[in-house]
Amino acid sequence: MMIKKIVNALKKVVVAFLILYGFNLLVSSINIYIPINVITVGVTSVLGIPGLMSLIAIFFIVK
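Residues numbered from 1 in each chain as written. Predicted model: local features only at pLDDT ≥ 70, side-chain atom pairs only at ≥ 80, totals over all residues. Heavy atoms only, no water.

(A) Just helix 2 (residues 38–47), in detail. All of the buried residues along helix 2 are Thr40, Val41, Thr44 and Ser45. Here the buried residues of helix 2 occupy an arc of 125 degrees about the axis, which is enough to place them on one side. More than 90 degrees from the buried face of helix 2, the exposed residues found are Val38, Ile39, Val46 and Leu47. In this fold, the buried residues of helix 2 make contact with helix 1 (2–27) and helix 3 (49–62). The N-capping residue of helix 2, defined by a side-chain oxygen 3.1 Å from the backbone nitrogen of Ile39, is Asn37. In the stretch just after helix 2, Gly48 is the one whose phi turns positive, near 75 degrees. (Buried < 20%, exposed > 50% of the residue type's maximum accessible area, 1.4 Å probe, protein only. Helix = DSSP H or I, 4+ residues; strand = E, 2+ residues; numbered from the N terminus. Arc of directions from axis to C-beta. Contact = heavy atoms within 4.5 Å. Polar contact = N/O pair within 3.5 Å; in protein donor to acceptor, adjacent residues only side chain to side chain.)

Below, the structure written as structure tokens:
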């Protein structure tokens, strides 16, 4: 039972990494880049696509 939860969490982290990597590939031509690190992968794995959208909003606010 505990192993199932760990595997599920790892799946979410891998999917979040792939989402961030794919996003960076798609929008690299327009100079938007969300770094792939523990914080961004964590936000994206917990919140999903809305988390990615919030990271993009933060990118534009900081930039």
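(B) View of the packing of aromatic side chains. According to the stated counting rule, one finds two aromatic pairs in the structure shown. Seen in terms of ring centroids, Phe17 and Tyr21 are 6.3 Å apart; in terms of plane orientation they differ by 10 degrees. Their pairing is stacked. Of this pair, Phe17 and Tyr21 both sit in helix 1, four residues apart, which is roughly one turn of that helix. Since its relative accessible area comes to 44%, Tyr21 is described here as partly exposed. (Phe/Tyr/Trp six-rings, centres within 6.5 Å; stacked < 30°, edge-to-face > 60°.)

(C) Spotlight on the packing of helix 2 against helix 3. Their axes nearest at 6 Å, the elements helix 2 and helix 3 cross at an angle of 140 degrees. The angle between helix 2 and helix 3 places the two elements in the oblique class. Contacts from Thr40, Val43, Thr44 and Leu47 in helix 2 reach Ile49, Pro50, Gly51, Ser54 and Leu55 in helix 3. Classifying every residue of the contact of helix 2 with helix 3 gives five nonpolar, four polar and no charged. (Axes fitted to C-alpha atoms, helices over the stretch in contact; angles between N-to-C directions. Parallel < 35°, antiparallel > 145°, perpendicular 65-115°, else oblique. Nonpolar A, V, L, I, M, F, W, Y, C, P; charged D, E, K, R; others polar.)

(D) Focus on the nonpolar core. Formed by Ala16, Leu20, Phe23, Val27, Ile32, Ile34, Val41, Leu52, Leu55, Ile56 and Phe59, the largest nonpolar core amounts to 11 residues. Among the secondary structure elements, those contributing two or more residues to this core are helix 1 and helix 3. Those residues within four positions of Leu20 in sequence are excluded, and the remaining contacts are Ile34, Ile36, Thr40, Val41, Thr44, Leu52 and Leu55. (Core = buried A, V, L, I, M, F, W, Y, C linked by side-chain atoms within 4.5 Å.)

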